[in-house]
Each structure stands twice: as C-alpha cells, then as structure tokens.
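Residues per chain, in single letters:
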Amino acid sequence: MLRNEKILITGVTGAIARPVARALARDNEVWGAARFTDPALRAELEAAGVRTAPIDLETGDLDALPTDPTLVLHYAYTRRPSGEFEQAIRVNAIAPGRILARCRGARAALVVSAATLYSRHDDPYHAFEESEDVGFVAAPWGPSSPVSKVTLEAVARFCAEAFELPTTIVRPSVPYGCAMDMVTNEIDAVLDGRPVFAVHDPQPLSVIHIDDMIEQIEPLLAAASVPARIVNWASDEVVTMQEVAALAAERAGREATIQVGAPPGVALGAVVDTRRVRSIVGPCRRRF
C-alpha cells in the first residue's frame with residue numbers, strides 16, 4: 001500500500017472512489033474532491049481522515065484543489081442523457097485536462113476510464129484487448145458514456161505528453177463489493193422480487209473486487225509512463241449476469257426472473273483480456 005504520499009482523488013463520493021479514499025487515508029494525506037451534494041458522505045470521508053475539497057467540474061471551479069499532490073487518482077465522472085453530450089464532455093474530458101494541468105508536478109496519475117468503451121462484438125465472450133477499436137457501441141442507460149470515455153482518454157494521453165506526467169489509464173470492467181455496482185444492483189433486484197435485465201443470454205462479465213482494486217493502485221501508478229499506458233482492469237474470472245442472479249436466488253431462497261432484451265448496438269458482454277494487467281499487478285486475491 002502507498003505511504004506518506006499526498007494524494008488527490010477526484011469523484012471521491014463515488015461508489016468506487018470512496019472506499020479507495022478511506023483505505024489510502026490511513027497512511028497518506030488524502031484530498032478528496034467532489035461536489036459533496038450529500039453532507040453525510042462528506043462527513044463519512046472526513047471522519048476517515050480525508051481532507052475534502054468541494055469542486056464543480058461543470059462550471060470549472062477547481063480552486064479548492066491542492067496544486068502539489070504527489071499522486072493523482074481521477075475517478076470523477078458524469079453520465080448524461082441524449083441532448084447533453086456537450087455538458088458530458090465538459091465534465092468528463094475538459095475538466096480532467098484542467099485538473100491534470102493544475103497537478104502537472106505530480107509523480108504519476110491514474111485516470112479511470114471504463115471497459116464499456118470497446119466497440120460491440122458479436123461474440124459475448126470476446127475478450128477485448130487494449131489495442132482494439134473503441135467507441136462503436138451504444139449505451140441506452142447512459143448515452144454520453146462511450147464518447148465521454150473516448151474523449152477522456154484522448155485528453156489524458158495529451159496531458160501525459162504535454163506535461164511529461166507519467167500516466168496510467170485503466171479500463172475497469174465490472175467492480176463488485178462496493179456500496180453500489182452492477183452486481184449489487186442485480187442482487188438487490190432478486191431480493192426485492194424485481195426482474196434482472198440482461199442484454200444477452202448469457203451475458204458474461206469480467207469482474208474484480210474493490211479490495212483487489214485498492215491493493216493494485218500502487219503497482220498501476222508505478223507502471224505510469226509517457227506516453228500514457230492503457231490497461232484493462234479486471235480479475236481473470238468471468239461470470240454471467242444469469243449466474244449472479246441464480247446464486248443470489250439460491251442463497252436467499254428466492255426466485256430469479258431474468259428479462260433479456262438487446263437494444264441495437266449494445267455490447268453483449270463485458271469480458272476483457274487481462275494479460276497486460278496481470279503482468280503489472282499480479283494475480284487477484286479474491287474470488288467471486
């Protein structure tokens with residue numbers, strides 16, 4: 001684990017960034033940046049030793065950010081509907097560029113993208129490699145997401161080279177073990193008697209536990225480079241939405257109802273090639 005660093009974490013109230021900030025605050029000076037619309041989340045983070053910095057990426061208000069962190073972890077992200085792509089790009093691409101420029105003296109940056117930017121493939125079990133096509137995929141639940149992630153990565157790559165800021169861009173697939181994630185939402189649906197929605201039968205996912213993600217931050221930062229290094233982020237395990245629902249139903253003594261419907265252009269699976277990340281961080285310690 002990292003020690004004695006001054007770490008800036010953006011989007012710190014998010015389900016993934018929040019446990020990261022709490023864990024790193026034990027041995028580091030952690031600054032957590034977000035809008036903090038929920039006072040309870042801010043109080044929780046401050047109680048864990050995180051120094052909170054209110055910012056607004058849409059308006060460009062970054063005055064509360066420190067200018068001298070040794071490490072930058074960028075998690076901040078907004079999902080916008082159709083008609084708000086301009087706002088989404090301002091928050092998801094332009095604002096991160098301004099943050100990286102402000103913190104250009106950092107030793108390294110970790111920029112969190114997503115594996116959902118890979119172009120659609122007809123094989124749901126196709127394991128996407130980092131060099132494959134991106135952007136040709138639909139996301140009806142967040143129409144701005146694919147283009148936002150592509151533009152985020154472009155800006156991060158520019159900043160790495162323009163400011164000589166060693167950067168790792170990670171593309172996480174499906175985290176679990178958080179307060180809110182795809183797996184948790186699916187389990188909640190089973191417990192509540194609601195249907196689980198899938199886009200294909202089967203719908204396979206590469207998964208990774210949040211505790212593994214926290215432990216792997218240090219080697220991912222150590223691998224940061226100029227030009228930026230792009231890395232899929234997942235364990236080697238692949239599970240399906242159907243298997244998760246069946247397991248939840250078995251454990252809880254409930255019935256699982258799965259509704260399958262694939263809107264045009266939607267990815268049929270979320271499986272990623274993990275050879276590159278394994279060479280950097282080694283094996284994951286948790287199994288689904």
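Everything that follows concerns the structure shown earlier in this document.
Residues numbered from 1 in each chain as written. Predicted model: local features only at pLDDT ≥ 70, side-chain atom pairs only at ≥ 80, totals over all residues. Heavy atoms only, no water.

With respect to the overall build of the chain
Along the chain, the regular secondary structure elements total 8 helices and 12 strands. Relative to the 2.2 N^0.38 estimate, which gives 19 Å for 288 residues, the radius of gyration of the chain is 19 Å and therefore close to what a compact globule would have. In terms of its C-alpha atoms, the chain occupies a principal-axis envelope of roughly 50 × 40 × 40 Å. Sorting the 288 residues of the chain into buried and exposed places 52% on the buried side. (Helix = DSSP H or I, 4+ residues; strand = E, 2+ residues; numbered from the N terminus. Rg over C-alpha atoms; globule rule 2.2 N^0.38 Å. Buried < 20%, exposed > 50% of the residue type's maximum accessible area, 1.4 Å probe, protein only.)

What about the environment of Glu255?
Within the element layout of this structure, Glu255 appears in the loop between helix H7 (241-252) and strand S12 (258-260). Residue Glu255 is classed as exposed on the basis of its relative accessible area, which comes to 70%. Between the alpha carbons of Glu255 and Tyr77 there is a distance of 35 Å; along the sequence they are 178 residues apart. Setting aside its immediate chain neighbours within four residues, Glu255 contacts Val190 and Ala249. (Contact = heavy atoms within 4.5 Å.)

With respect to the sheet that holds strand S6 (residues 167-172)
Within a beta sheet, neighbouring strands are joined by backbone hydrogen bonds and run either parallel or antiparallel to one another. Across the sheet, which stays open at both edges, the 7 strands sit in the order S3-S2-S1-S4-S5-S6-S10 with parallel pairing between neighbours. Of all the strands in the sheet, just strand S3 (51-54) and strand S10 (229-233) have a single pairing partner and so form its edges. In this sheet, neighbouring strand axes are inclined to one another by 20 degrees on average, regardless of whether the strands run parallel or antiparallel. The pairing of strand S2 (residues 29-34) with S3 spans 4 bridges and is parallel. Within the sheet, the bridge partner assigned to Ala33 lies in S3 and is Ala53. (Pairing = 2+ DSSP bridges. Axes fitted to C-alpha atoms, helices over the stretch in contact; angles between N-to-C directions.)

Here's the deal with the pairing of S2
Most of S2 is tucked away: 5 of the 6 residues are buried. Inspection of the sheet shows strand S1 (residues 6-10) paired to S2 by 5 bridges, in the parallel sense. Note on S2: the bridge partner recorded for Thr10 is Ala33. Following the backbone out of S1, through helix H1 (residues 17-24) and into the adjacent parallel S2, one traces a crossover that is right-handed. (Right-handed = clockwise from strand over helix to strand, strands pointing away.)

A few points about helix H6 (residues 210-222)
With 13 residues, H6 extends 19 Å from end C-alpha to end C-alpha; this agrees with the ideal 18 Å at 1.5 Å per step. The sharpest bend along H6 reaches about 40 degrees and sits at Gln216, with the proline Pro219 one to four residues further on. Those residues of H6 not exposed but buried are Ile210, Asp212, Met213, Ile214, Gln216, Ile217, Leu220 and Leu221. (Expected span 1.5 Å × (residues − 1). Bend = angle between axes of the 7 residues up to and from the residue.)

Examining the sheet that holds strand S7 (residues 174-176)
The 3 strands lie next to each other as S7-S9-S11, forming an open sheet whose pairing is mixed. Among the strands making up the open sheet, the edge pair consists of S7 and strand S11 (238-240). Each adjacent strand pair in this sheet contributes to an overall mean axis angle of 50 degrees, direction not counted. One ladder, built from 3 bridges, connects strand S9 (residues 204-209) with S11; its direction is antiparallel. Within S11, the position partnered with Ser206 by the bridge is Val238.

What to know about the pattern of salt bridges
Tallying each qualifying case throughout the model produces 21 salt bridges. Put simply, Arg276 and Glu130 hold a salt bridge, and the shortest N to O gap is 4.0 Å. Taken together, the positions of Arg276 in helix H8 (residues 275-281) and Glu130 in the loop between strand S5 (108-112) and helix H4 (145-162) put the pair 146 residues apart, joining distant regions of the chain. Overall, the relative accessible area of 10% leaves Glu130 in the buried class. As a salt-bridge pair, Arg171 and Glu153 come within 2.7 Å of each other at their nearest N and O atoms. Here Glu153 lies in helix H4 and Arg171 lies in strand S6, a separation of 18 residues in the sequence. Residue Arg171 shares its accessibility class with Glu153, and that shared class is buried. (Salt bridge = Lys/Arg side-chain N within 4 Å of Asp/Glu carboxyl O.)

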